[in-house]
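Structural features, examined
The lines below spell out each chain.
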Amino acid sequence: MEDMDESLDHAAVQRLVLRLEKAVSKNTEDRIKHASSPEGFAESEAELDEAIQRLLLLANSVQYLETLQELECLPTLVGLMAHENADIALDVIQVVVEVTGEDAWSGESQEERDAVEGFVRALGKEGFFEVLGDNLRRLDESAESSEGEADRQGVFQTLGLVENLVSLSIELAETAVAATKLLTWLIGRISKTFTEDPVDSNQQYSAEILSILLQSSPKIREAASNDLMDALLRCTAKYRKRSPEDETELEYVENIIDSVCMLLTTDQGKRTFIELEGVELVLLLQKQPVAGKLLSLKILDYALTPGSDSAVPRDIAKRYIDGLGLKYLFPILMKKGKGDMAKLYKRHPEFEERTVNCVAWLFRLTDKGTPAHWRVLAKFMPSPEDDKGWKLRVDRIVELNAQYAERVASAEDSDEEDEDEDEEDAEDRYLRRLDAGLFSLQMCNIIVGFAVGEEAVKSRTETMLKRRGRSLGTVRAELVEYVAVKQAETLGAAASNDASFKSMDLAQLLEHL
């Protein structure tokens, strides 16, 4: 009998497989012979359980996984996934989870990674993923007995396997998701909980896995159905009037919103978002002084960022402005609010960048001279009713502009120090500047460019910029660079079929400056 701590070799793996095959045969015979008397096959079932568990040794010696294929053990493992005793199926899943975990293959040897990939691909050819999906759907997490706990653990293990596959090979993960029909299962799981808590651990994990899959694979994003967006928006809508109660629920909400944002990177996702009144949901979230107020900014940012069809984000921008969204967006820009809101600002410092992005896109997605465009512009224009507010908003944009400029300058200084090494090319240096806040600086510059068409606004902007060591000339030079490097192309604007959208009035902005 092999000790669980022993080092494996080819012969030891052969013995493990032989023991497993004997245990399977004995258990099958006993189940037939004692079909009406479970105690008659209990002993052989325990031996089968132990035989499968011993395969966990392979997690420390993945180079021998190929031996399982040579000995034609994989059909046996896949067959056990459909065993009448769900615990046996869960044993097999545990083995696959362990051998696909990063600790098993992430060493210096490419050979180990290749061995694990080959093992999973071979399992897939035997129908493993289809059976895995069937097994996932038969697990009952609602049961309060020990069986329910085992099933909950089975769900956790299955989700862990999917996460392992994403790290190992996104192609394998895509195959698994399609074969198991996992997206359909996740649609139901993220929407319900099986505990007294607002969100149970597997529900949170399901939301996390969904977010990981959508972020990792354009193919999975494109394959997502309208039902997925509908489920995600329904989950988000629960936080119109309340905040998450604990860290688990907060992580759940953040993963749900991340998934919505990933779907919004596709034109179809944006269209579905409009059809399902996603813009109206964002407005409802921003009305409330809860976590959804800031988290919804991320949704709005992604919804407004154009893809290949510029008409869709234009529609989103108009709906948001017509729904009085500016009433909620600009107080966030001004960082208004105390108590819980102050804590939210601190927890989500990215709100500043997202708000700046949204304001810039609202300018760019609305045609000059239209009521929607004037509503955005009016926030920076003098008026008898709001002689103080416009000045404060101009000052805030200049403050953020200078803040991002300082960060980018620091990155440039770092580049100069490393210049002698001559290891980084222009693209690397540009990426470092982006990481330091160049994009947000460019968005601020665009807002300034739109706002300074009126002389009083231009004069105040110049004064405030000068106090911070900057000028409209500096802003103009940075906008020239923005146009020159075709940053709008990175955002998808250059791929648009709408020729007027490609220019985005940037040339006119330069004239203002």
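It should be emphasised that the depicted structure is a prediction, and the values quoted were computed from it without experimental measurement.

A word on the overall build of the protein chain. Within the protein chain, the secondary structure is distributed over 31 helices and zero strands. In terms of its C-alpha atoms, the protein chain occupies a principal-axis envelope of roughly 95 × 55 × 45 Å. By residue count, 51% of the 513 residues in the protein chain fall in the buried class. The long-range share in the protein chain, meaning contacts at least 24 apart out of those at least 6 apart in sequence, stands at 75%.

Okay, the packing of helix α18 (residues 291-304) against helix α21 (residues 340-347) next. Running from amino to carboxyl end, α18 crosses α21 at an angle of 35 degrees, the nearest separation of the two axes being 9 Å. Where α18 crosses over α21, the two elements pack in a sense that is right-handed. Contacts between α18 and α21 involve Ala291, Lys293 and Leu294 from the former and Met341, Leu344 and Tyr345 from the latter. Across the contact of α18 with α21, the residue classes tally to five nonpolar, no polar and one charged.

Counting across every chain of the model gives six aromatic pairs. With a centroid separation of 5.7 Å and an interplanar angle of 65 degrees, the aromatic rings of Phe128 and Phe129 are classed as edge-to-face. This pair shows no difference in class: Phe128 is buried, exactly as Phe129 is. Seen from their ring centres, Phe363 and Phe450 are 4.8 Å apart, and the 5 degrees between their planes marks the pair as stacked. With Phe363 in helix α22 (residues 351-364) and Phe450 in helix α26 (residues 438-451), this pair connects stretches of sequence that are 87 residues apart. What makes Phe363 buried here is its relative accessible area of 0%. Take Phe450: its relative accessible area is 5%, and that puts it in the buried class.

For an α-helix, 3.6 residues make a turn, and residues three or four places apart therefore share a direction. Between its terminal C-alpha atoms helix α7 (residues 110-125) stretches 23 Å, which fits the 22 Å expected from 16 residues at 1.5 Å a residue. Within α7, burial applies to Ala115, Val116, Glu117, Phe119, Val120, Ala122 and Leu123. Residue Ser109 occupies the N-cap position of α7, its side-chain oxygen lying 3.2 Å from the main-chain nitrogen of Glu111. Following α7 by one or two positions, Gly127 adopts a phi angle in the positive range, close to 90 degrees.

In this section: the pattern of salt bridges. A complete count under the given rule lists 28 salt bridges for this structure. Between Arg113 and Glu117 there is a salt bridge, with the nearest N and O atoms lying 3.8 Å from each other. Placement of both Arg113 and Glu117 in helix α7 is noted, with a separation of four residues, approximately one turn of the helix. Using a relative accessible area of 26% as the deciding quantity, one classes Arg113 as partly exposed. Assessed through its relative accessible area of 16%, Glu117 is described here as buried. The shortest N-O distance in the salt bridge between Arg121 and Glu171 comes to 3.7 Å. Pair noted here: Arg121 is in helix α7 and Glu171 is in helix α10 (residues 170-180), with a separation of 50 residues, a long-range link.

So, on to helix α14 (residues 226-237). In this model α14 runs 17 Å from its N-terminal to its C-terminal C-alpha over twelve residues, within 8% of the 16 Å that 1.5 Å per residue would give. If you check which residues of α14 are buried, you get Leu228, Met229, Ala231, Leu232, Leu233, Cys235, Thr236 and Ala237. In this structure, the buried residues of α14 make contact with α11 (182-189), α12 (201-216), α15 (247-263), α16 (267-275), α17 (278-287) and α18.

A few words now on unusual backbone geometry. Within the chain, Glu277 stands out as a residue other than glycine whose phi angle is a positive 60 degrees. By secondary structure assignment, the location of Glu277 is in the loop between α16 and α17. For Lys335, which is not glycine, the phi dihedral falls at a positive 60 degrees. Relative to the helices and strands, Lys335 is located in the loop between α20 (326-333) and α21.

Further remarks concern a negative patch on the surface. A cluster of like negative charges, contributed by Glu144, Glu196, Asp197, Glu245 and Asp246, occupies part of the molecular surface. Structurally, the position occupied by Asp246 is in the loop between α14 and α15.

Turning next to the side chain of Arg396. In this fold, Arg396 is placed in helix α24 (residues 389-417). A polar contact is formed between the side chain of Arg396 and the backbone oxygen of Leu333, at a distance of 2.7 Å. In this structure the side chain of Arg396 is engaged in a polar contact, spanning 2.9 Å, whose partner is the side chain of Glu352. When neighbours within four sequence positions are excluded, Arg396 is seen to be in contact with Leu333, Met334, Lys335, Phe351 and Glu352.

This part is about the state of the cysteines. What makes a disulfide is a covalent bond joining the sulfur atoms belonging to two cysteines. Under the counting rule described, the total for this entry stands at zero disulfides. With no disulfide of its own, Cys358 lies closest to Cys261 among cysteine sulfurs, the gap being 10 Å. What makes Cys358 buried here is its relative accessible area of 0%. Cysteine Cys444 is unpaired, with the sulfur of Cys358 as its nearest cysteine sulfur at 13 Å.

Looking at the element boundaries, Ile321 is found in helix α19 (residues 311-322). Along the chain, Ile321 and His373 lie 52 residues apart, while their C-alpha atoms are 8.9 Å from each other. With residues up to four places along the chain from it excluded, the contact list for Ile321 reads Leu326, Leu362, Thr366, Ala372, Arg375 and Val376.

Each value, and the rule that gives it
- Residues numbered from 1 in each chain as written.
- Predicted model: local features only at pLDDT ≥ 70, side-chain atom pairs only at ≥ 80, totals over all residues.
- Heavy atoms only, no water.
- Helix = DSSP H or I, 4+ residues; strand = E, 2+ residues; numbered from the N terminus.
- Buried < 20%, exposed > 50% of the residue type's maximum accessible area, 1.4 Å probe, protein only.
- Contact = heavy atoms within 4.5 Å.
- Axes fitted to C-alpha atoms, helices over the stretch in contact; angles between N-to-C directions.
- Left-handed = near helix turned anticlockwise from the far one by under 90°.
- Nonpolar A, V, L, I, M, F, W, Y, C, P; charged D, E, K, R; others polar.
- Phe/Tyr/Trp six-rings, centres within 6.5 Å; stacked < 30°, edge-to-face > 60°.
- Expected span 1.5 Å × (residues − 1).
- Polar contact = N/O pair within 3.5 Å; in protein donor to acceptor, adjacent residues only side chain to side chain.
- Salt bridge = Lys/Arg side-chain N within 4 Å of Asp/Glu carboxyl O.
- Patch = residues over 30% accessible without salt bridge, like charges linked within 9 Å, V, L, I, M, F, W, Y side chains within 5 Å.
- Areas by Shrake-Rupley, 256 points an atom, 1.4 Å probe, with all protein chains shown as cover.
- Lys, Arg positive; Asp, Glu negative; His and termini not counted.
- Charge placed at Lys NZ, Arg CZ, Asp CG, Glu CD.
- Disulfide = S-S within 2.5 Å.

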